Amino acid sequence: QKEVEQNSGPLSVPEGAIASLNCTYSDRGSQSFFWYRQYSGKSPELIMFIYSNGDKEDGRFTAQLNKASQYVSLLIRDSQPSDSATYLCAVRPWGNTPLVFGKGTRLSVIA
Amino acid sequence: EPEVTQTPSHQVTQMGQEVILRCVPISNHLYFYWYRQILGQKVEFLVSFYNNEISEKSEIFDDQFSVERPDGSNFTLKIRSTKLEDSAMYFCASSGQGGEGTEAFFGQGTRLTVV
């Protein structure tokens, strides 16, 4: 059974701070890792994906992947109140196989 | 920017009725998926579709469910006899051809309420 684990939160950070969101996965052979943002009642919105060990930066967002530790993280720099949402970690075993989602971490950015 | 579109946005149906949820994937994508999310729970995979046939399905996708690509653009999910526990948000997603890092884009979802 492939599992993706996330701390459900809420994670509260002040505006302008760095938010750090973490995710672990059980299938060691997984190849692609995705972070989605989901506002209440809305669909998941892709933030970024990563498939190589190390860091990948896109604007205020940095994804970090450590396959040896089966660990993925998302850093959000200069957090804004509009970043308040649930962040979903999703793992794709290989190719175009279906995504396996974690339960999500609720982030609250306090102005 | 290309997007996945779903209709209707909200469907209320009586228990035991059939519903059809519709999706128009991104036009050059080849892989299509249905996921669902029960309120307060995680997004769960239902079924994937490639080359006009089901490529994978989960335990949730039982005989009450079916998928179809009736023409070159639409992708539908049918629930034959709805149950109360089918109430959820249903998301369609599509991916292009590719290997690692192939993105999966989601539609805005259909909120299904079974009463």
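It should be noted that the structure appears before, not after, this text.
Residues numbered from 1 in each chain as written. Chains lettered and ligands numbered in written order. Predicted model: local features only at pLDDT ≥ 70, side-chain atom pairs only at ≥ 80, totals over all residues. Heavy atoms only, no water.

Helix and strand counts for chain A stand at zero helices and eleven strands. Put simply, chain A runs from its N terminus to its C terminus through helices and strands in the order β-β-β-β-β-β-β-β-β-β-β. In terms of C-alpha radius of gyration, chain A reaches 13 Å, essentially the compact-globule figure of 13 Å for 111 residues. If one aligns the C-alpha atoms of chain A with their principal axes, the spans along those axes are about 40 × 30 × 20 Å. In chain A, buried positions account for 48% of the 111 residues. A separation of at least 24 residues holds for 55% of the contacts in chain A among residues at least 6 apart in sequence. (Helix = DSSP H or I, 4+ residues; strand = E, 2+ residues; numbered from the N terminus. Rg over C-alpha atoms; globule rule 2.2 N^0.38 Å. Buried < 20%, exposed > 50% of the residue type's maximum accessible area, 1.4 Å probe, protein only. Contact = heavy atoms within 4.5 Å.)

This part takes up the side chain of A:Thr105. On the secondary structure map, A:Thr105 appears in strand E11 (residues 105–110). The residues touching A:Thr105, leaving out its near neighbours within four places in the chain, are A:Gln6, A:Asn7, A:Ser8, A:Gly9, A:Leu11, A:Leu21, A:Ala85, A:Thr86 and A:Tyr87.

Let us look at the pairing of strand E6 (residues 53–57) of chain B. All names here are of chain B. In this sheet, E6 lies alongside strand E5 (residues 44–50) in antiparallel orientation, the contact comprising four bridges. When the bridges of E6 are listed, Ser48 appears paired with Glu56. In textbook terms, the turn of a hairpin is the stretch between consecutive antiparallel strands, and for E5 and E6 this stretch comprises two residues, one of which, Asn51, has a positive phi near 55°. (Pairing = 2+ DSSP bridges.)

Turning our attention to the nonpolar core. Counting residues in each nonpolar core, the largest one holds 23 residues, and the members touching the most others are A:Trp35, A:Val72, A:Leu74, A:Ile76 and A:Tyr87. The set of elements that each furnish at least two residues to this core consists of strand E3 (19–25), strand E4 (32–38), strand E5 (45–50), strand E7 (61–66), strand E8 (71–76), strand E9 (85–92) and E11 of chain A. Discounting chain neighbours no more than four positions away, the residues touching A:Val72 are A:Leu21, A:Asn22, A:Cys23, A:Tyr25, A:Phe33, A:Trp35, A:Ile50, A:Gln64 and A:Leu65. Listed in part, the 21 residues of the second largest apolar core include B:Val4, B:Phe61, B:Phe65 and B:Ala88. (Core = buried A, V, L, I, M, F, W, Y, C linked by side-chain atoms within 4.5 Å.)

In this section: the interface of chain B and chain A. Contacts between the two partners involve 25 residues from chain B, matched on the other side by 23 residues from chain A. Across the chain B to chain A interface the summed buried area is about 1,900 Å²; carbon plus sulfur atoms make up 55%. Linking chain B with chain A are zero salt bridges, by the criterion used here. Looking at the side of chain B that touches chain A, the elements with two or more residues in it are strand E4 (31–37), E5, strand E9 (88–95) and strand E10 (104–106) of chain B. A per-element tally of the side of chain B that touches chain A places E4(B) first, with four residues. (Buried area = accessible area lost by both parts, 1.4 Å probe. Salt bridge = Lys/Arg side-chain N within 4 Å of Asp/Glu carboxyl O.)

With that settled, the discussion passes to the state of the cysteines. All names here are of chain A. Taken as a whole and judged by the stated rule, the model has two disulfides over all chains. Residue Cys23 pairs covalently with Cys89 via a disulfide, S to S 2.0 Å. Around the S-S axis, the bridge from Cys23 to Cys89 shows a dihedral of about -70° and counts as left-handed. Taken together, the positions of Cys23 in strand E3 and Cys89 in strand E9 put the pair 66 residues apart, joining distant regions of the chain. (Disulfide = S-S within 2.5 Å.)

All right, on to empty space enclosed by the protein then. Residues and elements named next belong to chain A. Taken as a whole, this structure holds one cavity of 30 Å³ or more when the rule is applied. Of the volumes computed, that of the largest cavity is approximately 40 Å³. Every residue along the wall of the largest cavity is listed here: Lys2, Glu3, Val4, Tyr25, Ser26, Asp27, Ser30, Val91, Pro93 and Val100. Here the lining of the largest cavity is built from residues that sort into five nonpolar, two polar and three charged. (1 Å grid on protein atoms, 1.4 Å probe; cavity = no way out; pocket = protein on both sides within 12 Å on 5 of 7 lines; lining within 4 Å. Points joined across faces, edges and corners; volume = space filled by probe spheres on them. Nonpolar A, V, L, I, M, F, W, Y, C, P; charged D, E, K, R; others polar.)

Purely geometric stuff here, so don't read any function into it on its own.
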